[in-house]
Amino acid sequence: MIENSGVSETNNCPEYNPNVVAVKLPNTIEKFVDELPIPPVLAPLSQGEDSAYYEVEMKCGSHKFHRDFDETLIYGFNGIYPGPTIETRRGETLHVKWINHLPLDHFLPVDPTLHDSGPANDEVRTVVHLHGANVAPDSDGHPMAWFSRNYAQVGDKFSRQVYLYPNDQQATTLWYHDHALGITRLNLYAGLAGFYLIHDSKEEDLDLPTGKYDILLMIQDKTFREDGSLFYPPAPIVRAFIGNTMVVNGKVWPYLNVEPRKYRFRMLNASNTNGFDFLLLDEDLNQHPFWQIGTDGGLIERSQRIEKFPLDPAERLDVIIDFSELAGKTITLRTEELNLAGQVEPFKRDVMQFRVGFECEGEDESEIPKKLRDVKELKPSRKLKTRRFVMTQDGNRLTINHKGFMDAATETPEIDSVEIWELASPTFNPNSPLGIPPNITHPIHLHLVQFQILNRQDVDVTNFNEEEWINTGEGIILGEEHEPHPSEKGWKDTVRVEPGKVTRIIVPFRNYTGEYVWHCHILEHEDNDMMRPLMITEKNCD
């Protein structure tokens, strides 16, 4: 039996002053004065030949987002933000006890109109979802498996304190974050997120950059008050949150000193709402390439050069940047960020800076292999069941097929089946850029599974009978078909459902039966009912 490690059961939170109301303007914050921090790797409390045991405490912490800010309150795994990185190998079973030592009252504005977030349940509830993991339902982090401090209150789906992660999947970059019903957007924004890496021998045989040349980048947008504390809009019903500054690994507009050699960057968009298009520019505004090697689910089949790529909330992209010919240059990771009026954001378009030195510590023996691993391409056929979904709205609720989280499950695929899911977003204004309302992209995440993107196809939104299309596949006028973006090749667990299009994915359901969820990963949408139950059922042998 695994014993408790004795993690403290009390937690004194740093002072947070909700009366400091002024929002800090981004043009008053000096860029590139803080070095990029690297999250520490968490050591297990005990370890066997093929297993390890961890305890991770969710508690308050003091965090300094910028050199010129005061230290301020965050919620963090082990009190730090981002949380410590958990590293494991394929086939090694991890047991993780997630411990809630957070205060009883949230320091961010709770919306009592969302699910059971009201005064009767105002304790800071948490439950941890390992995003992208192939795990049993009782270790998935179901939003109703939440628990309050010291397990004083628990949700209807709560069944265990120690989660079991078998890690029976290929090497990949996962991340863990809070998933509590109704307050996920607040808990994650407050700092409850961290990386989880699975390694395997196939990845290690490729001579990719490793060690200090393999760097994690958790990218978020945030807004701060004048004292450097986090600002989040007051309740009720915040439908979206767009911050005015860029934060990477917990620092506002950081820099990283790099050698003139190859580096691997595991990039995660952990923002609440905002999607980004990333590119690299030097000080003369010359563009430089990325070499993509992986997506959400791990390595792709062949490395590929990409000039820029989109990344929506929860998506990951694994890239190599080759600085070997850039000695002495300053390279900036940038976005093509627009504000809600469709105008360029002059401050937010910078993300972070790479300062390339003149010498390497040693010879760079890493490579960018052409062939990475075999990836089986799933083929659609008429024999496969097709499910159709529409991104809908019902009053203030954001829904899918006009159903919310508390409605009965309609997605009940059988174990070992393969299905095609078609997701339509018929709200579209052709005179507005992508990302500017109403042209919002919904990053849809399916728990448990990895899938492949088949295509997208334009929809005539003025002639769309959604009920008929959902039930029969008719009632729709389809236009031009679009291949997935080059960066979307391989296995995915989150897909961008773009406005004015049908997005098609092919999904294998394997390994486990039971109740999971699927939802929009715009956290404000997820908390506001754009989440549905997903029931993986036993095979029907009739």
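What counts and how
- Residues numbered from 1 in each chain as written.
- Predicted model: local features only at pLDDT ≥ 70, side-chain atom pairs only at ≥ 80, totals over all residues.
- Heavy atoms only, no water.
- Helix = DSSP H or I, 4+ residues; strand = E, 2+ residues; numbered from the N terminus.
- Rg over C-alpha atoms; globule rule 2.2 N^0.38 Å.
- Buried < 20%, exposed > 50% of the residue type's maximum accessible area, 1.4 Å probe, protein only.
- Contact = heavy atoms within 4.5 Å.
- Areas by Shrake-Rupley, 256 points an atom, 1.4 Å probe, with all protein chains shown as cover.
- Lys, Arg positive; Asp, Glu negative; His and termini not counted.
- Charge placed at Lys NZ, Arg CZ, Asp CG, Glu CD.
- Pairing = 2+ DSSP bridges.
- Axes fitted to C-alpha atoms, helices over the stretch in contact; angles between N-to-C directions.
- Phe/Tyr/Trp six-rings, centres within 6.5 Å; stacked < 30°, edge-to-face > 60°.
- Lys NZ or Arg CZ within 6 Å of the ring centre and 35° of its normal.
- pLDDT = per-residue confidence, 0-100.
- Polar contact = N/O pair within 3.5 Å; in protein donor to acceptor, adjacent residues only side chain to side chain.

A. A look at the overall build of the protein chain. A tally of helices and strands in the protein chain yields four helices and 33 strands. Taking 24 Å as the expected radius of gyration for a compact globule of 542 residues, we find that the protein chain reaches 22 Å, a close match to that expectation. Judged by the C-alpha coordinates and their principal axes, the protein chain covers about 65 × 55 × 50 Å. Here the protein chain, with 542 residues, has 59% of them falling under the buried criterion. In the protein chain, of all internal contacts separated by at least 6 residues, the share reaching a separation of at least 24 is 78%. Split by element, the accessible area of the protein chain, about 21500 Å² in all, is 47% carbon and sulfur. Distance from the positive charge centre (53 side chains) to the negative charge centre (85 side chains) of the protein chain: 3 Å.

B. Main features of unusual backbone geometry. Cis geometry is adopted by the peptide bond preceding proline 82, which originates at tyrosine 81 and carries an omega value of -10 degrees. Here aspartate 207, not a glycine, exhibits a phi torsion of approximately 60 degrees, which is positive. Relative to the elements of secondary structure, aspartate 207 occurs in the loop between α2 (201-204) and β10 (214-224).

C. Structural detail: the sheet that holds strand β8 (residues 172-178). Reading across from one edge, β4-β9-β8-β6 is the order of the four strands in this open sheet, with mixed pairing throughout. Whereas interior strands pair on both sides, the edge strands pair on one side only; in this sheet they are β4 (86-89) and β6 (128-131). Neighbour to neighbour, the strand axes of the sheet diverge by 20 degrees on average, direction disregarded.

D. Molecular detail of the pairing of β10. Among the eleven residues in β10, eleven count as buried, and that is most of the element. By the alternation rule, side chains of β10 split into Asp214, Leu216, Met218, Gln220, Lys222 and Phe224 and Ile215, Leu217, Ile219, Asp221 and Thr223, which are all buried. Judged from the six bridges that link them, β10 and strand β15 (residues 262-269) form a sheet pairing that is parallel. In the strand pairing of β15, isoleucine 219 is matched with asparagine 269. Sheet topology places β10 next to strand β12 (residues 245-248); four bridges connect them, and they run antiparallel. Bridge pairing in β12 places lysine 222 opposite threonine 245. Relative to strand β11 (residues 230-231), β10 is paired through two bridges, and the arrangement is antiparallel. Bridged to threonine 223 within β11 is phenylalanine 231. Taking the residues that link successive antiparallel strands as the turn, the β10-β11 hairpin has five residues, and the phi of glycine 228 there is positive, at about 90 degrees.

E. Expanded view of the packing of aromatic side chains. Taken as a whole and assessed by the stated rule, the structure comprises 29 aromatic pairs. Ring plane angle 55 degrees and centroid distance 5.1 Å describe the contact between phenylalanine 265 and phenylalanine 354, whose orientation is recorded as tilted. Of the two residues, phenylalanine 265 sits in strand β15 while phenylalanine 354 sits in strand β23 (residues 350-356), which places them 89 residues apart along the sequence. In terms of burial, phenylalanine 265 and phenylalanine 354 fall into one category: buried. Its end group placed over the ring of tryptophan 146, arginine 125 keeps NZ or CZ at 5.2 Å from the ring centre. In this arrangement the basic side chain of arginine 355 is found over the ring face of tyrosine 255, its NZ or CZ atom lying 3.8 Å from the centre.

F. Spotlight on the sheet that holds strand β25 (residues 397-400). Taking strand neighbours across the sheet as the criterion, the six strands line up as β25-β24-β26-β31-β28-β29 in an open arrangement whose pairing is mixed. Edge strands, defined here as strands with exactly one partner in the open sheet, are β25 and β29 (478-482). Pairwise comparison of adjacent strand axes, ignoring direction, gives a mean angle of 25 degrees for this sheet.

G. Fine view of the confidence of the model for the protein chain. The predicted model of the protein chain averages 93 in pLDDT, with 96% of residues at 70 or higher. Of the regions scoring below 50 in pLDDT, residues 1-10 engages in 17 contacts with residues more than four places distant in sequence or in other chains.

H. Quick peek at the environment of tyrosine 232. In this fold, tyrosine 232 is placed in the loop between β11 and β12. When the C-alpha atoms of tyrosine 232 and lysine 222 are compared, they prove to be 8.5 Å apart, with ten residues separating the residues in sequence. The contacts of tyrosine 232, once residues within four sequence positions are left out, are Leu108, Pro109, Arg185, Leu186, Tyr189, Val238, Phe241, Asn272 and Glu524. Here glutamate 524 takes part through its side chain, which lies 2.7 Å from a polar atom of the side chain of tyrosine 232.

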